[in-house]
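Report on the structure
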Amino acid sequence: MKERYGDVRKRLWGGEANNPSQKESIWWRDIIELSEDLNGATSKIRAKLGDGKQILFWKHDWLGGSTLATAFPNLYEQVMSKEFEVYKVGDWIAGDWFWNLRQGEKVFGREALEEFNELMVLLTGIRPTVNNQDLFIWPYENHRCYTVRSCYEIMNDNRNTEMLDAGVMEGLNSIWRAYVPSKLKMFGWRMLRDKLPSRKQLLKRHIIHQLNESLCVFCQEQEEDINHVILHCSKVEWLWRKVSAWLEIQKPDEEACWNHLLSCEEALKGKIGRERGATIWLTSCWAYGSIRMISCLMGLFWTWNKFSFLFYDTHGGG
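In what follows, the accompanying structure is described. What you see is a predicted model, and the numbers here were worked out from it, not measured in a lab.

**Digging into the pairing of strand E2 (residues 90-93)**
- Relative to strand E3 (residues 96-99), E2 is paired through 4 bridges, and the arrangement is antiparallel. Bridge pairing in E3 places Ile 93 opposite Asp 96.
- Counted along the chain from E2 to the antiparallel partner E3, the turn is 2 residues long, and its residue Ala 94 has a positive phi close to 55°.

See the structure below:
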């Protein structure tokens, strides 16, 4: 796990969040990207010294106030142990702990040497305890333990939510209320925020380079953005007509996914309720998105014709 995803302590609050590995999955990269929304929140995480095997000597706040890298910048610049855990910056000798910050470094400059002496005074009387594990203290809960709720609130406070349209925010709230597994909610969240890898997005990120490569994988007629592939492609639009007929509502004609969702909810609120309406809408989008992905992997013609045959056979289409 560590070989593939790196050291989580360093990635999320050790200064390495912007160095993704080619081995990482898209989901893991999203988590790392979301960690940037915490801004300075992770800098307030405190560490309580135990055996010193989890706490990064220079990059975690374990002596109170700030990290040692921040408090002693000139010394930090010259040491070779920037990524060391606490237990690697000293030795047990005859039952006593001795700090060893030099570890082969060249002679420190004047300012670094002054900071070295100050740090050694600060470390006097401090040593790891062999039989206790390090603890990390989350300051945003009274019980000092991490919770997803508190982390989500921090990200919402730090993120510039004013940039999101009020309709998009309403659509996101509908996504979270839907009766679907969490992976479908994450799919819907990324879809409404235009974070899914449509071909337009891939062209924008320079993953594909030719303009004709951004055409829809289904119809090969228009540029494939998320609204097109989920709602407006000629190969998908007839499916929405079938779903609307099954639900006995008029097919929504809105351009954007969030507006389409809200219209579907509004039409169904007196029949089955808004939450169930959002559930059906999101499940339909997930199905279309899954077919699109399989089409890319297994060949467009076989996949689309097989899916069309199964849909017609099951629902009596014509």
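Okay, back to it.
**Regarding empty space enclosed by the protein**
- Summed over the entire model, instances satisfying the criterion amount to 1 cavity of 30 Å³ or more.
- Size it by volume and the largest cavity reaches roughly 30 Å³.
- As for the largest cavity, its lining consists of Trp 240, Val 243, Ser 244, Leu 247, Ile 249, Pro 252, His 260 and Cys 264.
- Contributing elements (two or more residues each) for the lining of the largest cavity: helix H12 (234-247) and helix H13 (257-268).

**A few points about the environment of Cys 145**
- Looking at the secondary structure, you find Cys 145 in the loop between strand E4 (135-137) and helix H7 (148-158).
- Sequence-wise, Cys 145 and Leu 135 are 10 residues apart; in three dimensions their C-alpha atoms are separated by 9.9 Å.

**Quick word on the packing of helix H8 (residues 166-177) against H13**
- Packing of H8 against H13 brings their axes to within 9 Å, and their N-to-C directions diverge by 60°. When the axes of H8 and H13 are compared, the pair comes out oblique. Considering the relative orientation of H8 and H13, their crossing is left-handed. Of H13, the residues touching H8 (which contributes Gly 167, Val 168, Glu 170, Gly 171, Ser 174, Ile 175 and Arg 177) are Trp 258, Leu 261, Leu 262 and Glu 265.
- Of the residues that constitute the contact of H8 with H13, the class distribution is 5 nonpolar, 3 polar and 3 charged.

Cut-offs used in this document
Residues numbered from 1 in each chain as written. Predicted model: local features only at pLDDT ≥ 70, side-chain atom pairs only at ≥ 80, totals over all residues. Heavy atoms only, no water. Pairing = 2+ DSSP bridges. Helix = DSSP H or I, 4+ residues; strand = E, 2+ residues; numbered from the N terminus. 1 Å grid on protein atoms, 1.4 Å probe; cavity = no way out; pocket = protein on both sides within 12 Å on 5 of 7 lines; lining within 4 Å. Points joined across faces, edges and corners; volume = space filled by probe spheres on them. Axes fitted to C-alpha atoms, helices over the stretch in contact; angles between N-to-C directions. Parallel < 35°, antiparallel > 145°, perpendicular 65-115°, else oblique. Left-handed = near helix turned anticlockwise from the far one by under 90°. Contact = heavy atoms within 4.5 Å. Nonpolar A, V, L, I, M, F, W, Y, C, P; charged D, E, K, R; others polar.

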